[in-house]
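Listed here are the chains, written in short residue letters.
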Amino acid sequence: MIVPPFSLAAAAALLASPALASSSDVSPVLLMGYGFVPYDPVCAQACRRSFAPYHLSCTPHGDNTHGHGSGGITPPECYAQDTAFLTSVAWCFKQKCAEEQHVPIHKLEKYWGDWVTGGKTAIPKWTYSVALEKAKPNPPTYELASADKMLNETSLVDPTRYLAQWNIHKNIVKEGVLESHFGLAIIFASFGLPIALTLLGYLPFMTKFIDKLSPYLITPSLISTYAVRPLPYLLGNAPTIGQALFIAFFFFLNLVLSSVCYTSDQPNGWFPDSRFEISAYVLYRTGTLGLVLLPILFLFSARNNLLLWLTNWSHATFLLLHRWVARVFMLYVVVHSILGLQYYAEQANETWWIWGAVATLATVISVLFSGLYIRKAQYELFLISHILLAVFIVVGSWYHVILWYKSTSTIRWPEITWGYELWIYIGLGVWVFDRIVRIVRVLKNGMLRSKVIDLGDGYIRIDVPGVRWGITSPGQHVYAFFPTLGGGLRPWENHPFSIVPTWMLRGRKEETSAPVSGGEEEGERSGSWSKDEEKQVGVVNAARRVPSSSEEIAKNGSGITLLIKKEKGTTRHLKADDRLLTLLDGPYSNITHTSEILRCDRLLVIAGGIGITGVLPWAYHHWNVKLAWSVSEAARTLVDNVNLDGVVGAKEVRVGRRLDITELISEEAERGWDRVGVVVSGPGGLCDDVRAAIVQAGRKGNTVFELEVDAYSW
C-alpha cells in the first residue's frame, strides 16, 4: 500500500514536535489548509488588526515631540485591560463576522481568547460576549476616520482600514493554502508518476505498444548518441528521450505552479500597490516550493529509495533526475532570495536572515560545484563537500524558518506554526532512513578480511570470502569501504563495484570443449573507441552448466570478487594484501527488471575492459547466451585472469581490437529472435554505441531489444 505524502507528513510532524519544545501546548506541525488555517476567521483578524495601531489610554507615552497622541508601542497587557479597545473589537466581530459572515459564536470566542491581545501572555479581562454587552454607547455611533490616532471610546471600525486588513489577510491565507496544494501536487507527481508508468506496463496489450514506442521515445539519447559518455567540455550527461520527457514535465509542472493563481486586492494593509503585493506572494511561494523539493532531492539520491523497490527505474536514472531537481531547487532559492532583498533588506542583520543567506549560498555552491568537471577531477572532495553543504542547506533552512516565526507577532512557535518546516522534517526523514539502512547493511555483513591480488598494469583483484551474493541474481553491485587505505579512517569514502561470485572466475576446465572457431574478420570501427593496435581475436563456443548445489559452489570457491582498475582516488592505494579490512554496503541491484532480461529468447552480453565484471554473472543465468568482450592490449591481464570456461554459449574475446557493435546487434536481429536481451558494461563510448545500434535495429526490424546498461558515470 502506498502511504499518501500527507500521512507521512503528519507522522513526521507528530514525531518531531515533542523534540522541538517542552511545552505541553505544542501542537502537531500541520500544512496550511490541512488541519490548520491561520487568521481563522479572517474577519476577526481584520478587526483586531484594524484597531491595534490606535493609541489607548494605557499606551506608554514617548517623547511627545510629534504632537498630541504620539506614544510608544501598546503592550498586550494594555489591550487586555482597555475597555475602549475590547468593546470596539467586539462590536466589529459582531458586525463583520457574526452578521455578515455568519461565523459561529464559539469560533469567535476561541479567536478572542487566543489572539485578541496578540497572544496568550495577556488574557483579556472579558470574554467576547461580555465585551459586547459592555459596549457604550450600544450601538456605537462614532466611526473612526483615517486621521484618528487615539481610541478612547467604543467606536465603529474605519471601513477603509478594515478593507485593507481584510484584503491582505484573506490573500495570505489563500496563498498559504495554495502553496500546500501545489506542494502536495509536486510530491504526488514526483512520487506517483514513476509508479504509474511502471504499472502501465502491466496492463493488457501495453507490452507491444511499449515495445514499438521504446526505440523512438524511451531508449534513444536526447543529444546525438551521448548518454554514458559525457557531453563535450564535461558539461554533464545527456538524458535519454524518456528521461528528458520526465524532466520536461517536472520543469513545466514547477513553472506552472509557481506562476498561477496570484490575487491582488487594494487597498492593502501591507503593500502599497499590486506589483509589490504580487512580488511578495512570489517570494512566499518560491520559498515554500523550494522546501517541498527537499524530500524529492533526498529520495532520488538515496541508495535505499522506495521508488527503486516500487518501479522498474534504475538508480542511475534517479541520480540523473536528482541533479535536475537540484537545479530547479536552486532556481527557487535564488528567486526567493532576490525578492527577499526587496522586502527585508533592512533586516539583513537579523539571525533568521543570515541563516537564509547561508542556505542560499550553500545551495548555489552545491549545484554549481557538483558538475561532472568537479566529480571527475576530485570525486572524494566532491563527496564530502556535497554532504557538508547539504547539512548547511538543511540547518540553514530550518533556522531561517523557525527564527522568522519567532520574529513575527502573527505566529507563536512552537505552539503554532505555518507548516513550512514540515517539508524539512520529511526530507531529513528520507535522508536518515537511507543512512540507517546503509549502516544496517554494513553491520549485517560485518568486518571482513579480503585478499588483494595485484594483477599488474593498474588492475587489482579483491576476493571477499564467505559472502554469497550474485548466485541467484545477476546485475548486483556493492559499495566497498577500505578504512585502512590512505592512512586514515574516512567513512564517507566508498565506491561502487560490480559483484562477481568467485567461482565464476575459476571455471571448470574438466568440462571445457574444444574451440569451434579461432578467428573473425574485423568489423567496422566505432569512432568513440580509442585507437588500439589490432593484436588478437578469439571466438570460442562451449557448452556449460550453472552450479546446482551449495557443495559445488563451495568447491569452486565461495565469496565474491571485485575487479578494480586503479584511479586517482582511494583505489590508487590498493596493493597486494592477504587481510585487507573491508566493509560492504550491499548488495544492490543494478536494475529492477532482471526477470524481463532473463525471459528473453536470447541474451547478448557485451563488455569492454573491466566491464566484464558487470556482465559475467548474466552469462551464467541464461540458457542461450553470446558473450562479446573487447579489451585493450594494456588490459590483457584481465583476459589471463578471468576464466570463461563456465559460460554457456558463444564467446568472442578480442584483445587490442574493437568489437563491431552494429554487426553484433544486426546478427541477432537477423537470426529472427522475437526478443533479445542486451546487457552492456564498459567505457561510455561502448555503452552509447550499443544503445544507438539497438535503437536503429529496433526501428528497422521486428526483433524487440531489452537493453540494460551497467555503467558508473562520475
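Residues numbered from 1 in each chain as written. Predicted model: local features only at pLDDT ≥ 70, side-chain atom pairs only at ≥ 80, totals over all residues. Heavy atoms only, no water.

**Considerations on the overall build of the protein chain**
Counting secondary structure elements, the protein chain contains 23 helices and 13 strands. Expressed as a percentage of its 714 residues, the buried residues of the protein chain come to 53%. (Helix = DSSP H or I, 4+ residues; strand = E, 2+ residues; numbered from the N terminus. Buried < 20%, exposed > 50% of the residue type's maximum accessible area, 1.4 Å probe, protein only.)

**Topic: the pairing of strand 12 (residues 675-681)**
Within strand 12, seven of the seven residues are buried, which leaves the element mostly enclosed by the surrounding structure. Because side chains alternate across strand 12, one face comprises the buried residues Arg 675, Gly 677, Val 679 and Ser 681, and the other comprises Val 676, Val 678 and Val 680, equally buried. By the bridge criterion, six bridges tie strand 9 (residues 602-608) to strand 12 in an arrangement that is parallel. Bridge pairing links Ile 606 to Val 680 in strand 12. Bridge count for strand 12 against strand 13 (residues 704-709) is six bridges, and the pairing is parallel. Across the sheet, the residue bridging to Val 680 is Val 709, located in strand 13. For the crossover from strand 12 across helix 23 (residues 684-700) to strand 13, the handedness is right-handed. (Pairing = 2+ DSSP bridges. Right-handed = clockwise from strand over helix to strand, strands pointing away.)

**Brief notes about unusual backbone geometry**
Across the junction of Asp 40 and Pro 41, the peptide omega takes the value 5°, indicating a cis bond. Cis geometry is adopted by the peptide bond preceding Pro 267, which originates at Gln 266 and carries an omega value of 5°. Tracing the chain through its elements places Pro 267 in the loop between helix 9 (241-257) and helix 10 (274-301). You will see that Tyr 39, though not glycine, has its phi angle at about 55°, which is positive. For Tyr 39, the location among the structural elements is in the loop between helix 1 (5-20) and helix 2 (42-51).

**Quick look at the pairing of strand 8 (residues 577-589)**
Pairing analysis gives four bridges linking strand 1 (residues 448-456) to strand 8, with the strands arranged antiparallel. Bridging across to strand 8, Val 452 finds its partner in Asp 577. As paired strands, strand 3 (residues 476-481) and strand 8 are joined by five bridges and run antiparallel to one another. Within the sheet, the bridge partner assigned to Gln 476 lies in strand 8 and is Ser 589.

**Looking at the sheet that holds strand 5 (residues 500-501)**
Spatially, the seven strands line up as an open sheet ordered 4-3-8-1-2-7-5, and their pairing is antiparallel. The open sheet has two free edges, formed respectively by strand 4 (495-498) and strand 5, since each of these has just one partner strand. Against the sheet, helix 16 (residues 420-445) makes contact with strand 1, strand 3 and strand 8, and its axis sits at roughly 135° relative to strand 8, the strand it touches most. (Contact = heavy atoms within 4.5 Å. Axes fitted to C-alpha atoms, helices over the stretch in contact; angles between N-to-C directions.)

**Quick notes on the packing of helix 8 (residues 206-218) against helix 9**
What describes two packed helices is the angle between their axes and the distance between those same axes. At a closest axis distance of 8 Å, the pairing of helix 8 and helix 9 adopts a crossing angle of 70°. By the criterion of interaxial angle, the relationship of helix 8 to helix 9 is roughly perpendicular. Of the residues in helix 9, those touching helix 8 at Tyr 216, Leu 217 and Ile 218 are Ile 241, Gly 242 and Leu 245. Considering only residue class, the contact of helix 8 with helix 9 consists of five nonpolar, one polar and no charged. (Parallel < 35°, antiparallel > 145°, perpendicular 65-115°, else oblique. Nonpolar A, V, L, I, M, F, W, Y, C, P; charged D, E, K, R; others polar.)

**A word on the state of the cysteines**
Scanning the entire structure with this criterion turns up three disulfides. Between the sulfur atoms of Cys 58 and its disulfide mate Cys 78 the distance is 1.7 Å. Classification of the bridge connecting Cys 58 and Cys 78 rests on its S-S torsion, roughly 85°, and on that basis the disulfide is right-handed. Here the residue Cys 58 occupies a position in the loop between helix 2 and helix 3 (76-81), and Cys 78 occupies one in helix 3, the gap between them amounting to 20 residues. Taking relative accessible area as the criterion, Cys 58 reaches 35% and is therefore assigned partly exposed. (Disulfide = S-S within 2.5 Å.)

**A look at the environment of Trp 313**
Among the secondary structure elements, Trp 313 is positioned in the loop between helix 11 (306-310) and helix 12 (315-344). Trp 313 sits in the buried class, given a relative accessible area of 14%. It is 7.3 Å that separates the C-alpha atoms of Trp 313 and Ile 591, two residues lying 278 residues apart in sequence.

**As for the packing of helix 10 against helix 16**
The contact between helix 10 and helix 16 brings their axes to 8 Å, and the two run at 10°. Considering the angle they form, helix 10 stands roughly parallel to helix 16. Here Thr 288, Leu 291, Val 292, Leu 294, Pro 295, Phe 298, Leu 299 and Ser 301 of helix 10 come into contact with helix 16, specifically with Tyr 420, Trp 423, Ile 424, Ile 426, Gly 427, Val 430, Trp 431 and Arg 438. Here the contact of helix 10 with helix 16 is built from residues that sort into twelve nonpolar, three polar and one charged.

**Regarding the pattern of salt bridges**
Following the criterion strictly, the structure yields 18 salt bridges and no others. Two residues, Glu 175 and Arg 285, come together in a salt bridge whose shortest N-O distance is 2.9 Å. Of this pair, Glu 175 sits in helix 7 (residues 159-200) while Arg 285 sits in helix 10, placing them 110 residues apart in sequence. In this structure, Glu 706 and Arg 675 form a salt bridge, with 2.9 Å as the shortest nitrogen-oxygen distance. Taken together, the residues span a long stretch of sequence, with Glu 706 in strand 13 and Arg 675 in strand 12 at a distance of 31 residues. Taken as a pair, Glu 706 and Arg 675 share a single burial class, namely buried. (Salt bridge = Lys/Arg side-chain N within 4 Å of Asp/Glu carboxyl O.)

**Comments concerning helix 23**
The end-to-end C-alpha separation of helix 23 is 25 Å, in line with the 24 Å expected for 17 residues at 1.5 Å each. With respect to burial, helix 23 is a largely interior element, 13 of its 17 residues being buried. (Expected span 1.5 Å × (residues − 1).)

**Section: the environment of Trp 623**
In this structure, Trp 623 sits in the loop between helix 20 (612-619) and strand 10 (625-631). Residue Trp 623 is classed as exposed on the basis of its relative accessible area of 61%. With 25 residues separating them along the chain, Trp 623 and Leu 598 place their C-alpha atoms 9.1 Å apart. In contact with Trp 623, other than residues within four places in its own chain, are Cys 600, Asp 601 and Val 648.

**Comments concerning the packing of aromatic side chains**
Taken as a whole and assessed by the stated rule, the structure comprises 29 aromatic pairs. Both rings, one in Phe 51 and one in Tyr 54, keep their centres 6.4 Å apart while their planes meet at 50°; by these two values the pair is tilted. Look at Phe 51 and you get buried, because its relative accessible area is 0%. Relative to Tyr 128, the ring of Phe 93 lies with its centre 5.7 Å away and its plane at 40°, an arrangement referred to as tilted. (Phe/Tyr/Trp six-rings, centres within 6.5 Å; stacked < 30°, edge-to-face > 60°.)

**Considerations on a nonpolar patch on the surface**
Among the surface-exposed residues, Leu 428, Trp 431, Val 432, Ile 436 and Val 440 lie close enough to one another that they form a single nonpolar patch of about 400 Å² accessible area. Mapping Val 432 onto the fold places it in helix 16. Val 432 sits in the partly exposed class, given a relative accessible area of 33%. (Patch = residues over 30% accessible without salt bridge, like charges linked within 9 Å, V, L, I, M, F, W, Y side chains within 5 Å. Areas by Shrake-Rupley, 256 points an atom, 1.4 Å probe, with all protein chains shown as cover.)

**Some points on helix 8**
Taking 1.5 Å per residue as the helical rise, helix 8 with its 13 residues ought to reach 18 Å, whereas the 14 Å between its terminal C-alpha atoms falls clearly short. Of all the bends in helix 8, the largest measures some 40° and sits at Lys 212, one to four residues before the proline Pro 215. Turning to helix 8, its buried residues number three or more, namely Met 206, Asp 211, Ser 214 and Pro 215. (Bend = angle between axes of the 7 residues up to and from the residue.)

**A word on the side chain of Asn 268**
Note that Asn 268 resides in the loop between helix 9 and helix 10. Note on Asn 268: relative accessible area 11%, which makes it buried. A distance of 3.3 Å separates a polar side-chain atom of Asn 268 from the backbone oxygen of Asp 265. A distance of 3.1 Å separates a polar atom in the side chain of Asn 268 from the backbone nitrogen of Phe 271. Beyond its immediate sequence surroundings of up to four residues, Asn 268 is in contact with Ala 164, Asn 167, Ile 168, Glu 277 and Tyr 281. (Polar contact = N/O pair within 3.5 Å; in protein donor to acceptor, adjacent residues only side chain to side chain.)

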